[in-house]
Amino acid sequence: IDPVSNGQGPATTALFKSMAANGNGKYFAVDGGDAGNISTALNQIRQEVQAVNSVFASSTLPVSVNVRGTHLNQVYIGVFRPDASKAPQWFGNLKMYKLGLDAATSTLFLADADGSPAENPGSGFVTPTARSFWTSPSTFWGYRAATQNGAGGVSDSPDGELVEKGGVAQQLRIEYAASQTSRELFTCTDGSGGYCASGDSLSLSPFDTGNADISVAALGAANATERDNLIDWVRGEDQFDENADTQLTDIRASVHGDVLHSRPAVINYGRNGPTDENDVYAFYGANDGVFRAVKGGTGTNAGDEVWGFVPKEFFGKLKRLRDDAPIISSAQKKPYFVDGTVTAYEEDINGDGALVAADGDK
């Protein structure tokens, strides 16, 4: 703002400074309203935003169909980091924390997997030493400079404020480390070039190179070889050796795209009783073209991608992600894919508080 020094100017300036301070933000003065000064301030803001890892989408608490409630305190947070060079492919992830209780002050706080406060009260972002659930020690990031790796160094743990470490992204890298052929990715096509009919099984329409309905033309590929490469890249193949290990068929570091506006729908199916915390699934989209179902909670397979869905409508935009070009500009907007908030329809036929397919529940 223009900090006018007379009339109501000083009071207005003080108000805006207070708003910035209480919002954990910054105050920028633009003397005289000069267009050049405004441009300088806006560019500085954009650069600082790009440099921050923990830019959050909306967080979500599990929804219980049991009217008595299971009082789950799991918190699911989609994260993303813009690319500093304005390339269209951004790192993203889904991470889980819990709500903790500070007994001394009777206040809730965001707790990490070790029960420690995960949020930095000064910045409002995750602390560098916090460890989200589903995150474990590794040596995966040894190929990068130490300045890129935060408190965890070459390890995923602690993931802290680094978007790409830990969470669902790490589970994908573990599960499909050497090969991605078993990854459950689907789409919706048929031989006539239309869409799946009601009741069709997704297994009939896998998103893999064997599905002839995923055509060269639909993907905007130059030929059949590029078609296959593009499909395998979306499935996670490290074709450009992101981890610098000379292997081009292992998992790529960027296997999970940015979760920008997609607020997850988190459902507690409650099939193991009202106190069970491990029948929870998160459904959300990312700007890598994949809509995901992920096993939530802290039990067996927690954090695993159960399946992913690549809508046919997005086929023509996937090549830009693999090419990582052209860069984002006024003429070439950022590509968006499954980017909306997810909502859920639930029908518990017999009212038993559990969603069971055999009961006719949906």
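The structure this text deals with has already been given above.
In this text the structure is predicted, and so the values were computed from the model without any measurement.

Participant: Just checking my understanding: could you explain the nonpolar core for this structure?
Facilitator: A general feature of soluble globular proteins is that nonpolar side chains tend to end up buried together. One finds Phe 207, Leu 219, Phe 283, Phe 315 and Leu 318 to be the most contacted residues of the largest nonpolar core, which totals 24 residues. Only helix H5 (224-234), strand S7 (265-268), strand S8 (280-285), strand S9 (291-295) and helix H6 (318-323) provide two or more residues apiece to this core. Setting aside its immediate chain neighbours within four residues, Leu 219 contacts Ile 214, Arg 227, Leu 230, Ile 231, Phe 315, Gly 316, Leu 318 and Lys 319. The next biggest cluster of nonpolar side chains, apart from the first, holds 19 residues, and it includes Tyr 176, Val 255, Val 259 and Ala 282.

Participant: For this particular structure, what's the right way to read the packing of aromatic side chains?
Facilitator: Any two aromatic rings considered together are summarised by their centre-to-centre distance and by the angle between their planes. Inspection of the entire model under this criterion finds 10 aromatic pairs. When the ring of Phe 80 is compared with that of Trp 90, the centres are 6.2 Å apart and the planes differ by 20°; the resulting orientation is stacked. Of the two residues, Phe 80 is situated in strand S3 (residues 74-81) and Trp 90 in the loop between S3 and strand S4 (91-102); the sequence distance between them amounts to 10 residues. Each member of the pair Phe 80 and Trp 90 is classed as buried.

Participant: How should I be thinking about a nonpolar patch on the surface in this particular structure?
Facilitator: Taken together, the side chains of Leu 15, Phe 16 and Met 19 define a hydrophobic patch exposed on the protein surface, amounting to about 290 Å² of accessible area. Structurally, the position occupied by Phe 16 is in helix H1 (residues 9-22).

Participant: Looking at this structure, I do not really get the pairing of strand S5 (residues 107-111). What am I missing?
Facilitator: Successive side chains on a regular strand alternate, one facing one side of the sheet and the next facing the other. As paired strands, S4 and S5 are joined by five bridges and run antiparallel to one another. By the bridge assignment, Lys 98 is partnered in S5 with Ala 111. Adjacent in sequence and paired antiparallel, S4 and S5 are bridged by four residues, among which Ser 106 carries a positive phi angle near 55°.

The rules we used
Residues numbered from 1 in each chain as written. Predicted model: local features only at pLDDT ≥ 70, side-chain atom pairs only at ≥ 80, totals over all residues. Heavy atoms only, no water. Core = buried A, V, L, I, M, F, W, Y, C linked by side-chain atoms within 4.5 Å. Buried < 20%, exposed > 50% of the residue type's maximum accessible area, 1.4 Å probe, protein only. Helix = DSSP H or I, 4+ residues; strand = E, 2+ residues; numbered from the N terminus. Contact = heavy atoms within 4.5 Å. Phe/Tyr/Trp six-rings, centres within 6.5 Å; stacked < 30°, edge-to-face > 60°. Patch = residues over 30% accessible without salt bridge, like charges linked within 9 Å, V, L, I, M, F, W, Y side chains within 5 Å. Areas by Shrake-Rupley, 256 points an atom, 1.4 Å probe, with all protein chains shown as cover. Salt bridge = Lys/Arg side-chain N within 4 Å of Asp/Glu carboxyl O. Pairing = 2+ DSSP bridges.

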